[in-house]
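Take a look at the letters that make up each chain.
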Amino acid sequence: MPKRAVRQHPFMQCATLWEKKPNWCFAKMTAQEVRLCGLLLQEHFGEVVERVGTHLLRGGAQNLRTIANETNTPLDLVKKSLCVLVQHGACEFGSGRRGPGSPVEYRASCERVLRVLRYPRYIYTAKTLYGDTGELIVEEVLQRGHMTMSNTVKTVADRLTHNMEEGRSMEYSEVVSAFSKLVETHFLQRCPPVAEMGAAAPSATPATPGTPAAPASTAPPTAESNPDCYKLPHVTLIGRGKRRRSSDDSEEQRGGKKAKMDSESCGDEGIYWQVNFERFHQHFRDQAIISAVASKLDQTSSEIVRTMLRMSEVTTTQTAAYTQPLSANEIFRSLPPNYSISRPILDQYLSLLVDDPMEFVGKSGDSGGGMYVVNLQRALANLARATLESVVQERFGSRSARIFRLLLRKRHLEQKQVEDFAMIPAKEAKDMLYTLLSENLVQLQEIPKTPDYAPSRTFYLYTVNQLPTARLLLQHCYKTVANLIERRLFETKENKRLLEKSQRIEAILASLQASGAEPEQLTEVEEMITAPERQQLEALRHHINKLDSTENQVDETIFLLESYIFSTKTK
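Residues numbered from 1 in each chain as written. Predicted model: local features only at pLDDT ≥ 70, side-chain atom pairs only at ≥ 80, totals over all residues. Heavy atoms only, no water.

The name given to the protein chain in an unreviewed UniProt entry is DNA-directed RNA polymerase III subunit RPC3, with the source organism recorded as Coregonus suidteri. As stated in UniProt under Sequence similarities (unreviewed entry), the record for the protein chain gives "Belongs to the eukaryotic RPC3/POLR3C RNA polymerase subunit family." Under the UniProt heading Function (unreviewed entry), the entry covering the protein chain gives this text: "DNA-dependent RNA polymerase catalyzes the transcription of DNA into RNA using the four ribonucleoside triphosphates as substrates. Specific core component of RNA polymerase III which synthesizes small RNAs, such as 5S rRNA and tRNAs." (UniProt positions renumbered as here; feature names shortened; annotations may be inferred.)

Below you can see the structure in the form of structure tokens.
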């Protein structure tokens, strides 16, 4: 039967505004992903944005009137919510299903909303690489979605000046230097030009008579498609950061007009910058590979791999299976000065890395003393495999982990073979296999000798499919993070009165200290919180810090699994 032609919605042809991931950003969301997205939207943008965003995630592309009617939200609030989502790249828009002239439809991106969970890690990475200035630049751009360079520099300089001692201030030139470094290393990139976003691209192939015309592509341009994506504008910024005063608040309230005038006077009006999440993800992936090599071999091996990744970090695309080939001579010249190893020792280390079963490094040629690459796909697969083994060991014990590793290595084994190879008694091995099978971590494959599938004439083989198991664990991780966020919100709500009292007393203490109050006055204010309340506050803060730390640890697992799953789709 011939396959029926289905008209494809223009949105389904779109690549997202923030990253280029074919057929992934529009994949069907699971219930756990939508639940986690709703909690993140509620925590960062409020209940109205959460209601609109969750509705778009569940219902797909919809126009403005439909969203307002189905969410029972006033049209004005829906518009503001969509503005917030578009500003932060979590929503895109384009022509409706009926083509040009139909109402504009909006579509939310589950993947982009989930990136909010990783904001602390992005900010901490910027601080590690570029200090406090880089941290504040990334923080400001993340908080506002996108900003011009001039506004970012002024805001960051003012914040740094406010935290400095009296009489000191931050030069604009220092902030510009940090901003330039972030752009040079591709951690920041220009947003696509707004004027081109709604423009329909001409059809590549003309419609022939008798055939339906292909729908015009309404795909907004991606950041990478802009040739000036990483080109800094000529901005005239001379001056220092200003210390905020209480009298400045009234000026900031009427500040939209003033900010626009400042931007125009700097020469970068209309040029907005956003965080390049894929570059940060590439950095996280590289750090995970380096840590794995260091734990498997030694520090010198990890430094050699770090050097190879650093040399090709800007030239290697996110979907690349390997880094750019590098000769042994280039690697030797690029090693840090404190690693004073000789050339023969380097060759031995490279041979050791190539021969290692993990296969993180491969050899692609013999010119220049040998051409070497880092096998990114293989490295991600091994990291995901180690994560799965670790989860099985933590949940079911070391013997179950032994069976799991055995099945990963041998692929297909009968129950008797599992018992023999793992050296585990038959009864225990049977219980462990059935437990893993019930959790969908192990699969059972039937291979019949005859067409009637008679049990006596059928082989029953246990196996582990790494990719589906990784997807299953990823959903468990989403559920875990959602539970952690809900618990944190519950703890905060239950102790709301005590937290508000603590904040009021801290504000009073800060104002008294600024005005030079006597120590007796400060002590009197501090005693407004009783000893049991202080103890309760300490316990609450410790508990919330523990929840936050656990969220970040689970997100590291989420990142590894997402990266591995995505790498399998680009093969």
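After presenting the structure, the write-up continues.
## Examining the overall build of the protein chain
Of regular secondary structure, the protein chain possesses 23 helices and eleven strands. Out of the 571 residues in the protein chain, the part that is buried amounts to 44%. Counted over contacts in the protein chain with a minimum sequence separation of 6, partners at least 24 positions apart contribute 69%. Summing over all exposed atoms, the protein chain offers an accessible surface of approximately 30,800 Å²; the carbon and sulfur share of this is 52%. (Helix = DSSP H or I, 4+ residues; strand = E, 2+ residues; numbered from the N terminus. Buried < 20%, exposed > 50% of the residue type's maximum accessible area, 1.4 Å probe, protein only. Contact = heavy atoms within 4.5 Å. Areas by Shrake-Rupley, 256 points an atom, 1.4 Å probe, with all protein chains shown as cover.)

## Let's talk about the environment of arginine 471
Tracing the backbone shows arginine 471 in helix 20 (residues 466-494). Under the relative-accessibility criterion, arginine 471 is labelled partly exposed at 37%. Distance from arginine 471 to leucine 561, taken between C-alpha atoms, is 7.5 Å for residues 90 residues apart in sequence. Setting aside anything within four residues of it in sequence, one finds arginine 471 in contact with Ile565 and Lys569.

## A closer look at the sheet that holds strand 2 (residues 91-94)
The strand order across the open sheet built from three strands is 1-3-2, with neighbouring strands paired in antiparallel fashion. In this open sheet, the two edge strands, each paired with only one partner strand, are strand 1 (62-63) and strand 2. Direction of pairing for strand 2 relative to strand 3 (residues 105-108): antiparallel, over a ladder of four bridges. Bridge pairing links glutamate 92 to arginine 107 in strand 3. Each of strand 1, strand 2 and strand 3 touches helix 2 (residues 47-59); the most contacted strand, strand 3, lies at about 95 degrees to it. (Pairing = 2+ DSSP bridges. Axes fitted to C-alpha atoms, helices over the stretch in contact; angles between N-to-C directions.)

## Observations regarding helix 4 (residues 75-87)
Relative to the 18 Å expected for 13 residues at 1.5 Å per residue, helix 4 spans 18 Å between its end C-alpha atoms, a close match to the ideal helical length. Among the residues making up helix 4, those that are buried are Val78, Ser81, Leu82 and Leu85. With its buried residues spanning 100 degrees around the axis, helix 4 presents them on a single face. Backbone geometry just downstream of helix 4 places glycine 89 in the positive-phi region, at approximately 75 degrees. (Expected span 1.5 Å × (residues − 1). Arc of directions from axis to C-beta.)

## Looking at the packing of aromatic side chains
Going through the model one piece at a time under the given rule, you end up with eleven aromatic pairs. Between phenylalanine 280 and phenylalanine 284, the ring centres sit 6.4 Å apart and the planes meet at 45 degrees, which makes this aromatic pair tilted. With phenylalanine 280 and phenylalanine 284 both in helix 12 (residues 277-296), this residue pair falls four residues apart, about one helical turn. On the basis of relative accessible area, phenylalanine 280 is assigned to the buried category, the value being 0%. With a relative accessible area of 3%, phenylalanine 284 lands in the buried category. With 5.7 Å between their ring centres and 90 degrees between their planes, phenylalanine 284 and phenylalanine 559 make a pair best called edge-to-face. (Phe/Tyr/Trp six-rings, centres within 6.5 Å; stacked < 30°, edge-to-face > 60°.)

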